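In case you want the letters, here they are:
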Amino acid sequence: MEQFLPVMLLKGLILLPNQEVKIDLNNNLSKEIAKLSDKEFNRHVLIITPHNQVEETPEVNDMPEVGVISKIKSRIELPNGNVRITLRGIKRVRILNFINSKTNNDILEAQITDIELPKFDNIEQKAIIKKLNELVKEYVASSNHISNSILNNIKIIEDLSNLTDTISSFMPLSFSKRLEYVEEINAMYRAKSLLKDIKVELEVLKLDKKIEKELENSLEQSQKEFILREKVKILEQELGEGKNNIASTYYEQLAKLKLDKSINNKISHEIKKLEYTNDLSPESAMIRNYLEWILNLPWHKETYQNTNLENIKKQLDEQHYGLEEIKTRILEYVALRNNNSEIISPIICLVGPPGVGKTSIAKQIAKALNRKFYKISVGGLNDSSELMGHRRTYMGSNPGKIIQGLKKCGTKNPVFLIDEIDKLTINSKDDPTSVLLDILDKEQNKEFIDNYIEETFDLSHIFFILTANNIENIPLALKDRLEFIYLSSYTNYEKLEIAKKYLIPKILTENKINNKIISISDEMLLYLISSYTNEAGVRDLYRNLEKLMRRLVLQGKINERTKISKIRLKEYLGIPQYDSLENKNYNQPGRVNCLAITSLGGTIIKVESAISEGKGDYIITGMLGKVMEESTKVALSFIKANQKSFNLHDFYFNIKDIHLHFLASAIKKDGPSAGVAITTSILSIILNKIIPQNIAFTGEISLSGEILKVGGIKEKIIGAYNHGIDTIYIPYANEPNLEEVPVEIKEKLNIILVKNYYEIFESLF
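Residues numbered from 1 in each chain as written. Predicted model: local features only at pLDDT ≥ 70, side-chain atom pairs only at ≥ 80, totals over all residues. Heavy atoms only, no water.

1. What to know about the packing of aromatic side chains
1) Next: Within this structure, the stated rule accounts for 15 aromatic pairs.
2) Next: Between the aromatic rings of W299 and F457, the centroid separation amounts to 5.0 Å while the plane-to-plane angle is 50°, which identifies the pairing as tilted. Highlighted residues: W299 in the loop between α9 (282–295) and α10 (309–319) and F457 in strand β11 (residues 456–457), separated in sequence by 158 residues.
3) Next: W299 gets classed as buried once you look at its relative accessible area, which sits at 8%.
4) Next: Overall, the relative accessible area of 4% leaves F457 in the buried class.
5) Next: Here the aromatic cluster, defined as three or more aromatic residues joined through ring pairs, consists of F638, F646, Y757, Y758, F761 and F765.
6) Next: Between the NZ or CZ atom of R392 and the centre of the ring of Y290, over which it lies, the distance is 3.8 Å. (Phe/Tyr/Trp six-rings, centres within 6.5 Å; stacked < 30°, edge-to-face > 60°. Helix = DSSP H or I, 4+ residues; strand = E, 2+ residues; numbered from the N terminus. Buried < 20%, exposed > 50% of the residue type's maximum accessible area, 1.4 Å probe, protein only. Lys NZ or Arg CZ within 6 Å of the ring centre and 35° of its normal.)

Written as structure tokens, this is what we have:
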């Protein structure tokens with residue numbers, strides 16, 4: 001007989017015929033199904049357990065073909081708003097189809113029909129029932145988790161289908177196995193499968209008892225060992241040895257430290273815990289590890305600082321060329337400290353491109369001040385526990401990098417270098433910046449608490465030096481607490497002096513090479529710098545000089561003086577990688593040099609323009625950022641608005657396509673300072689006027705042609721100089737920034753200050 005019933009899905013729960021379950025309904029849809037069942041279906045529902053328990057809304061095609069009709073025996077409204085119902089399974093039915101309820105479109109109803117159950121041989125059925133009863137009796141006798149009352153319940157059941165469902169409901173079967181029993185219509189198949197499953201469970205019980213017996217014997221042995229160890233402990237106490245001896249050592253260390261009362265009491269408590277803790281306990285090792293850390297921290301140890309200003313200056317100059325601002329700042333600090341010993345050291349952040357000496361000058365500062373040095377790299381760090389330590393509750397926990405560095409240095413006033421501060425990783429789970437604020441802030445770091453140590457430690461005696469390549473990437477909260485010192489790119493002549501005074505002598509000394517084997521003129525060194533390196537610092541220069549020395553040694557020229565020429569440089573280092581005159585070799589309309597600044601220092605980016613017949617499209621390529629794209633639009637609008645002023649009477653923008661391209665397309669570019677160069681490039685291609693490649697531009701342009709102030713002037717000018725540029729146009733508003741540029745560069749460059757673009761147009765066009 002076919003009928004319709006509302007469907008209730010049970011996830012993680014199986015209901016068999018003749019079985020009762022209590023469930024709490026905590027969602028509105030389930031409550032509505034229960035109400036509909038009570039109102040229109042005589043409290044009957046169809047219970048279905050989906051195959052996929054993970055899927056929130058299973059598809060109709062994924063539903064089983066067999067369900068269990070159930071009756072809601074009771075329904076109770078709970079104080080928390082849930083509804084508790086008691087369901088009793090009645091019988092299996094076949095599902096023909098699913099439709100949405102007419103009463104509530106969100107409720108699913110199923111069209112069902114009765115299942116015609118197969119008939120079995122009476123003798124075979126009795127034999128199977130007897131065997132099932134025997135195995136269940138054996139299982140109940142072996143198991144400690146099932147009541148004997150079950151045997152009385154199943155003894156009176158004569159129907160095979162009813163018996164299999166009853167046994168399946170209390171056997172510890174897997175979820176998937178129970179689901180198979182729900183969907184299996186043939187009771188004989190269910191019974192035979194149950195016989196196999198019960199036998200498997202009996203074997204598991206036997207194996208469990210065997211394991212328990214072996215474990216019991218092992219525990220007895222452990223107890224014996226524990227008693228023996230306790231006896232040994234008593235003997236050791238009588239002899240004054242063992243753990244008491246270790247504890248007394250810790251007490252002696254604690255007495256020498258002379259700590260605050262609260263910290264002293266905390267450590268004393270930990271030592272007492274160690275005395276009463278079994279050596280075999282994992283906690284014993286954790287306590288000892290904690291005591292080793294906290295008792296060996298430099299609570300009061302300080303290194304005597306060098307106060308001789310002349311000696312400090314000499315040591316700083318010995319290893320580093322230039323860098324006068326940071327050297328002067330260190331001398332200022334020492335001079336003030338000589339006047340007032342309580343002064344707190346500054347928190348300095350060295351900002352500059354790679355290779356200019358940020359890390360090495362920090363090491364030299366520590367050496368000159370006679371302080372210990374420790375480096376912490378935070379590039380890519382995204383877990384604040386690396387700095388703050390882990391809680392002692394975790395196995396294998398340790399203090400953070402700050403406490404680790406203090407213990408390694410053995411002094412509370414070292415120089416700490418926190419490297420690559422601009423590359424901190426901040427995500428939704430953790431923010432190491434907040435931890436760094438605790439570490440660096442002068443008002444907070446006197447009472448720094450590491451998660452592992454759990455006691456305050458004074459970090460105010462540490463001299464913190466930070467490094468970064470790009471100040472824009474430093475979190476704003478940190479910027480407020482740092483004193484920034486900028487280390488700019490080196491000019492080629494500065495690199496020449498560094499190579500002569502520092503790099504070449506260092507390479508010869510490290511490799512124990514006679515300093516008379518090589519003769520290299522200033523001209524050749526400059527050629528090597530400009531043709532084989534293209535960097536803000538001197539790392540690549542150092543590598544090339546090392547390679548040059550290695551080739552000399554390899555060819556056995558360590559006993560004769562070798563003069564280095566361009567031919568030998570090509571032989572030893574290969575063909576030149578960079579052409580210092582490349583800016584002067586490509587003269588064509590539309591090509592313009594734009595001054596730019598990157599994390600590697602100042603550089604030149606070439607801008608090109610092309611015109612073709614079209615529909616007035618404006619194409620921009622070269623991996624530009626949003627700000628730079630807007631600059632290109634401003635430049636074009638400025639030109640269009642002033643066609644007459646630029647003599648563009650015969651040029652029609654609506655029938656021409658303009659393509660603007662920035663070379664070095666693999667590098668992302670952004671910022672407003674290319675506006676002047678873009679304007680010049682477009683006018684150059686339209687007027688068919690070549691812009692000399694010894695000229696470069698920087699400056700933001702407005703729609704009225706006003707040239708606005710930009711940043712990074714010093715780096716840009718040094719970059720232009722190193723790339724062979726001799727004339728540059730910069731905003732008039734940047735005139736004060738020229739004071740930062742080395743005098744020898746300003747004397748060799750023609751720096752033109754402009755307020756409005758018409759001044760450039762009059763000069764070039």
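From this point, the narrative continues.
2. Overview of the side chain of S70
1) Next: With respect to the secondary-structure elements, S70 resides in strand β4 (residues 66–77).
2) Next: The buried category is assigned to S70, whose relative accessible area is 0%.
3) Next: Residues within four places of S70 in sequence aside, it is in contact with L15, R43, H44, V45, I47, L87, R88, G89 and I90. (Contact = heavy atoms within 4.5 Å.)

3. Structural notes on the nonpolar core
1) Next: Counting 53 residues, the largest nonpolar core has I421 and I439 as the members making the most contacts within it.
2) Next: In terms of residue count, the dominant contributor to this core is α9 (six residues).
3) Next: Leave out the neighbours within four places in its chain, and I439 touches L387, I402, N445, F448, L459 and F464.
4) Next: I498, I513, I518 and L573 belong to the second largest nonpolar core, which has 51 residues in total. (Core = buried A, V, L, I, M, F, W, Y, C linked by side-chain atoms within 4.5 Å.)

4. What about the pattern of salt bridges?
1) Next: Taken as a whole and assessed by the stated rule, the structure comprises 31 salt bridges.
2) Next: Residue R88 is joined to E20 by a salt bridge in which the shortest nitrogen-to-oxygen separation is 3.6 Å. Within this pair, whereas R88 is found in strand β5 (residues 83–100), its partner E20 is found in strand β2 (residues 20–25), the two being separated by 68 residues in sequence.
3) Next: A residue is classified by how much of its surface remains accessible, and E20, at 39% relative accessible area, is partly exposed.
4) Next: For R543, the salt bridge is made with D540, and the minimal N-O distance between the two is 3.7 Å. Taken together, the positions of R543 and D540, both in helix α19 (residues 539–554) and three residues apart, correspond to about one turn of that helix.
5) Next: One salt-bridge network, in which partners are shared between bridges, spans K266, E270, K273, R392, E454 and E455. (Salt bridge = Lys/Arg side-chain N within 4 Å of Asp/Glu carboxyl O.)

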